[in-house]
Amino acid sequence: MEIISQHLIGYENHLENLSNNLIIKSSSNSFIFYGNKGIGKNTFTHCLINKIFSDKFNESKSNLLYANSHPNFRYISKIIDEKSNKLNSNIKIDQIRKIESFIYQSSLNKLPKFIIIDSADDLNISSSNSLLKLLEEPKNNSYFILIVHQLFNIMPTIRSRCIKFKFSHPSLENFDKIIRQSFPDIKEKDISLLYDLSNGSPGLAIQLYSNNIKDLLDNLLIIFNEKNNLSKEIINFSEIVGIYTNDQFKLFLSILKLILINILKVNLGINIKKYFLSNLSDTIHSISKNINNKSILTILDYLKLNENDLYIFNLDKKIFSINIFNGISK
Amino acid sequence: MKISVEKSSIFKSLSYVQSIVEKKNTIPVLSNVLIQAKDNNLILSATDMDISITAQLNCNVIEEGFVTVSAHTLYDIIRKLPDGNEVEFISNDGKIFSIRSGKSKFSLGCLPKEDFPIIEVDKLKSEISIQSQELLKLIEKTRFAISNEETRYFLNGIYFHMRESGGNQYISIVATDGHRLAKIDYESNNKPEDIPGVIIPKKTINELCKLLSDYNGTIKIDLDPNKIIFFIDKSVLISKLIDGNFPDYQRVIPKDNKNIMTINRNDFCMAVDRVSTITNEKSPVIKFRLLKDLMNMTSADSENGLATEDIITEYSGEEIEIGFNSKYILEMINHLTDEKIKLSFNDSSSPVIATEDSNQNLIYVLMPMRV
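Criteria and thresholds
Residues numbered from 1 in each chain as written. Chains lettered and ligands numbered in written order. Predicted model: local features only at pLDDT ≥ 70, side-chain atom pairs only at ≥ 80, totals over all residues. Heavy atoms only, no water. Helix = DSSP H or I, 4+ residues; strand = E, 2+ residues; numbered from the N terminus. Rg over C-alpha atoms; globule rule 2.2 N^0.38 Å. Buried < 20%, exposed > 50% of the residue type's maximum accessible area, 1.4 Å probe, protein only. Contact = heavy atoms within 4.5 Å. Areas by Shrake-Rupley, 256 points an atom, 1.4 Å probe, with all protein chains shown as cover. Lys, Arg positive; Asp, Glu negative; His and termini not counted. Charge placed at Lys NZ, Arg CZ, Asp CG, Glu CD. Core = buried A, V, L, I, M, F, W, Y, C linked by side-chain atoms within 4.5 Å. Buried area = accessible area lost by both parts, 1.4 Å probe. Salt bridge = Lys/Arg side-chain N within 4 Å of Asp/Glu carboxyl O. Polar contact = N/O pair within 3.5 Å; in protein donor to acceptor, adjacent residues only side chain to side chain. Nonpolar A, V, L, I, M, F, W, Y, C, P; charged D, E, K, R; others polar. Axes fitted to C-alpha atoms, helices over the stretch in contact; angles between N-to-C directions. Parallel < 35°, antiparallel > 145°, perpendicular 65-115°, else oblique. Pairing = 2+ DSSP bridges. Domains from an automatic or database assignment. Phe/Tyr/Trp six-rings, centres within 6.5 Å; stacked < 30°, edge-to-face > 60°. Lys NZ or Arg CZ within 6 Å of the ring centre and 35° of its normal. Expected span 1.5 Å × (residues − 1).

A few points about the overall build of chain A
Argument step 1. Along the backbone of chain A there are 15 helices and five strands.
Argument step 2. Here the C-alpha atoms of chain A give a radius of gyration of 22 Å, agreeing with the 20 Å that 2.2 N^0.38 yields for 330 residues.
Argument step 3. In terms of principal-axis extent, the alpha carbons of chain A reach across some 70 × 40 × 30 Å.
Argument step 4. By residue count, 50% of the 330 residues in chain A fall in the buried class.
Argument step 5. Within chain A, counting contacts between residues at least 6 apart in sequence, those at least 24 apart form 72% of the total.
Argument step 6. Summed over its atoms, the accessible surface of chain A is roughly 16,100 Å², and 51% of this surface lies on carbon and sulfur atoms.
Argument step 7. The average position of the 39 basic charges and that of the 31 acidic charges among the side chains of chain A differ by 4 Å.

See the structure below:
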């Protein structure tokens, strides 16, 4: 289970406004909190509900809320499949159906009931339609909060029934504070690098740093500077990423795409320096000389066509990685 | 925490408590039972966040404390211990829980007590006292009619309310699934305005029946529109209620069924059972033809064939041809107890009422099927 931080950094104004005005006084019972993954929407939502419970109803059991065991709170996210023992690829309809009994039963106390769906991007068609049915017949004291990373992933019929709030990524100062909560001894230059690589998303940055992103980046740079196509370095590197979990591999591919797109920009004469806080732009400049635009587009095409199949059909990540780097013609 | 308790006393309490814990739980702490030892008492609590059960028992508390451990594992361990054995529970830091009995020793992992949702027993607006076996009888007579259809959530429980009739006050318990209705009244001293009408969920009813069946004495029920609390011996069952409006069932109960048939319940039950052999889930209907002092039952299925049987009745009303779901009519007859029961009809498209002389407060209504 994901551990939710109880300390909110940033979004203080949002918290004050939403807890005072919108949730309880609002005419709608359903809300969408959307913004990039890892920017703190889940933490914010937990803090918001905690604030509403404590300020408006003098409820003091915040620990239950963060353990997801509060009687007036249901937290829906992807769960581990019992048979395969793997994380489901989406939120199943049974999980949404279970909310029905929660909504249609009374509250044991005076508190309103909250249902968080994190993230609603993971709903499949059946579970989306089941959720839609619940949103269409709102109950007075039940509130839905849908955490969404990409708004277009949500069915228009669900979107139209929710009040939407956009969350932007935190400032560098807040980003720094959040990262230092998890890694107190992190160096200043590493924070800038993480900010660049994660596009200001602290959640993503924490994941990257936990997965030794610096080593991965160094290895990637060696490969880009490699002269031979099927070199020992490529095979060794592919062996390392070959044992990654799906989530780790997704992170690796996101970094790869970021680097490739910026190399493309450099080759097209675009100044990328202003977009980066760290010296990553200099590194990209240096490797851009070794790679031409055609091979970058080939790799990006390959990823676009095959990335989904990799996770759906559980393909060999080592071979996938070798194929990517073989596409680079020097 | 360190306590010592006799196996049979904790096993009984634990069996009540663990039964509400779901086997598959996405929130780990809800798979656990909270064990609290204080003042020579052991308090066991479990919840699924809709229902909470607390059971209290006497034990020898050597050191007070509390801990949460897996309910099903603990139950299985206690169940397998020899009867009459003393069981010792020890937990020093709330992280490891040890069970010792005879030469057996078990160690279980614990979860923080702070994450366990404790549902408080508050003072509620209304209070009723009733004999446990009387309440159990009322529930047993009606709960078979509770709907399982999730779309009509307000029928997924029994409607518990007070009503006044002929200057007397009654506690009325009603269950319906839209096809059949079961209603039973119990004379009570409480005033109708004191007790709100509430719908008690099916799962709560099932757990309540387990507790009631093992206790013979007076129980106390506290309720308000949001919550119901049953105080049964040393156990407390707290439950949410269904937040909906129960339909006006009085309108469904026919007032002018003038064609009354008296029939031997046992014979009728066996005859329906025989004829229903031919029916299947797709066409469960049995056709009843009511003639003077005789009833003919027919069921037909295109694949299985045809079944027919005549049964002697006491009937002098109009000739009626009416169809009923074989499963529903069997369940209804089985919940009546008299040797002779009364079925009153109006016409072939109106519901039938089933009653018995020994219990005038019990009424079953069954909707007919098209034949």
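Past the structure itself, the notes keep going.
Brief notes about the nonpolar core
Argument step 1. With 101 residues, the main nonpolar core has Phe89, Phe97, Leu135, Phe160, Phe268 and Phe288 of chain B as its most contacted residues.
Argument step 2. Look past the residues within four positions of Phe160 of chain B in its chain and what remains in contact with it is Ile128, Leu135, Ile171, Ser172, Ile173, Ile195, Pro196, Gly197, Val198, Ile200, Ile221 and Leu223 of chain B.

As for the interface of chain B and chain A
Argument step 1. Facing 28 residues of chain B, the contacting portion of chain A comprises 24 residues.
Argument step 2. Interface area lost by chain B to chain A is led by Met49, Lys240 and Asp243 of chain B, which between them contribute 27%.
Argument step 3. Joining chain B to chain A, the criterion identifies one salt bridge.
Argument step 4. One can count six residue pairs in polar contact (both at pLDDT 80 or more) joining chain B with chain A.
Argument step 5. Among the residues forming the side of chain B that touches chain A, the class breakdown is 14 nonpolar, four polar and ten charged.

Here we look at the packing of helix 14 (residues 293-312) of chain A against helix 15 (residues 317-326) of chain A
All names here are of chain A.
Argument step 1. For the pair helix 14 and helix 15, interaxial distance at closest approach is 11 Å and the crossing angle is 170 degrees. Considered as vectors, helix 14 and helix 15 are oriented roughly antiparallel to each other. Counted together, Ile299, Tyr302, Leu303, Asn306, Glu307 and Leu310 of helix 14 and Lys317, Phe320, Asn323 and Ile324 of helix 15 form the full contact between these two elements.
Argument step 2. Residue classes in the contact of helix 14 with helix 15 are distributed as six nonpolar, two polar and two charged.

What about the pairing of strand 12 (residues 168-176) of chain B?
Residue and element names in this part refer to chain B.
Argument step 1. The buried count for strand 12 comes to eight of nine residues, which makes it a mostly enclosed element.
Argument step 2. With seven bridges joining them, strand 11 (residues 157-165) and strand 12 adopt antiparallel strand pairing. Paired with Arg163 across the strands is Tyr170, a residue of strand 12.
Argument step 3. Linking strand 11 to strand 12, which pair antiparallel, is a turn of two residues; within it Gly166 sits at a positive phi near 55 degrees.
Argument step 4. Sheet topology note: the strand 12/strand 13 (residues 180-187) ladder contains seven bridges and is antiparallel. Residue pairing across strands places Ile173 opposite Ile184, the latter belonging to strand 13.

Observations concerning the domain arrangement of chain A
Argument step 1. If you check the domain split of chain A, you get domain 1 (12-166) and domain 2 (211-329).
Argument step 2. A separation of 36 Å is found between the C-alpha centroids of domain 1 of chain A and domain 2 of chain A.

Considering the packing of aromatic side chains
Two measures describe an aromatic ring pair: the distance that separates the ring centres and the angle between the ring planes.
Argument step 1. Following the criterion strictly, the structure yields 24 aromatic pairs over all chains and no others.
Argument step 2. Sitting over the face of the ring of Phe102 of chain A, Lys113 of chain A holds its NZ or CZ atom 5.6 Å from the ring centroid.

With respect to the sheet that holds strand 21 (residues 305-312) of chain B
Remark on secondary structure: sheet strands pair via backbone hydrogen bonds, oriented parallel or antiparallel.
Residue and element names in this part refer to chain B.
Argument step 1. Ordered by their spatial adjacency, four strands build an open sheet running 21-20-19-23, and the pairing between neighbours is antiparallel. Each edge of the open sheet is held by one strand with a lone partner, namely strand 21 and strand 23 (320-325). The sheet shows a mean angle of 20 degrees between the axes of neighbouring strands, direction not considered.
Argument step 2. Two elements, strand 19 (residues 285-291) and strand 20 (residues 294-301), share five bridges in a ladder whose sense is antiparallel. The partner of Arg289 across the bridge, within strand 20, is Asn296.
Argument step 3. The sheet contacts of helix 6 (residues 326-334) involve strand 19 and strand 23, and relative to strand 23 the element is tilted by about 90 degrees.

A look at helix 4 (residues 93-104) of chain A
Argument step 1. For helix 4 of chain A, with twelve residues, the first-to-last C-alpha span of 17 Å sits near the 16 Å given by 1.5 Å per residue.
Argument step 2. Considered for burial, the residues of helix 4 of chain A that qualify are Gln95, Ile96, Ile99, Glu100, Phe102, Ile103 and Tyr104 of chain A.
Argument step 3. Those residues of helix 4 of chain A that are buried are in contact with strand 2 (73-76), strand 3 (113-118), helix 5 (125-136) and strand 4 (142-148) of chain A together with strand 17 (235-240) of chain B.

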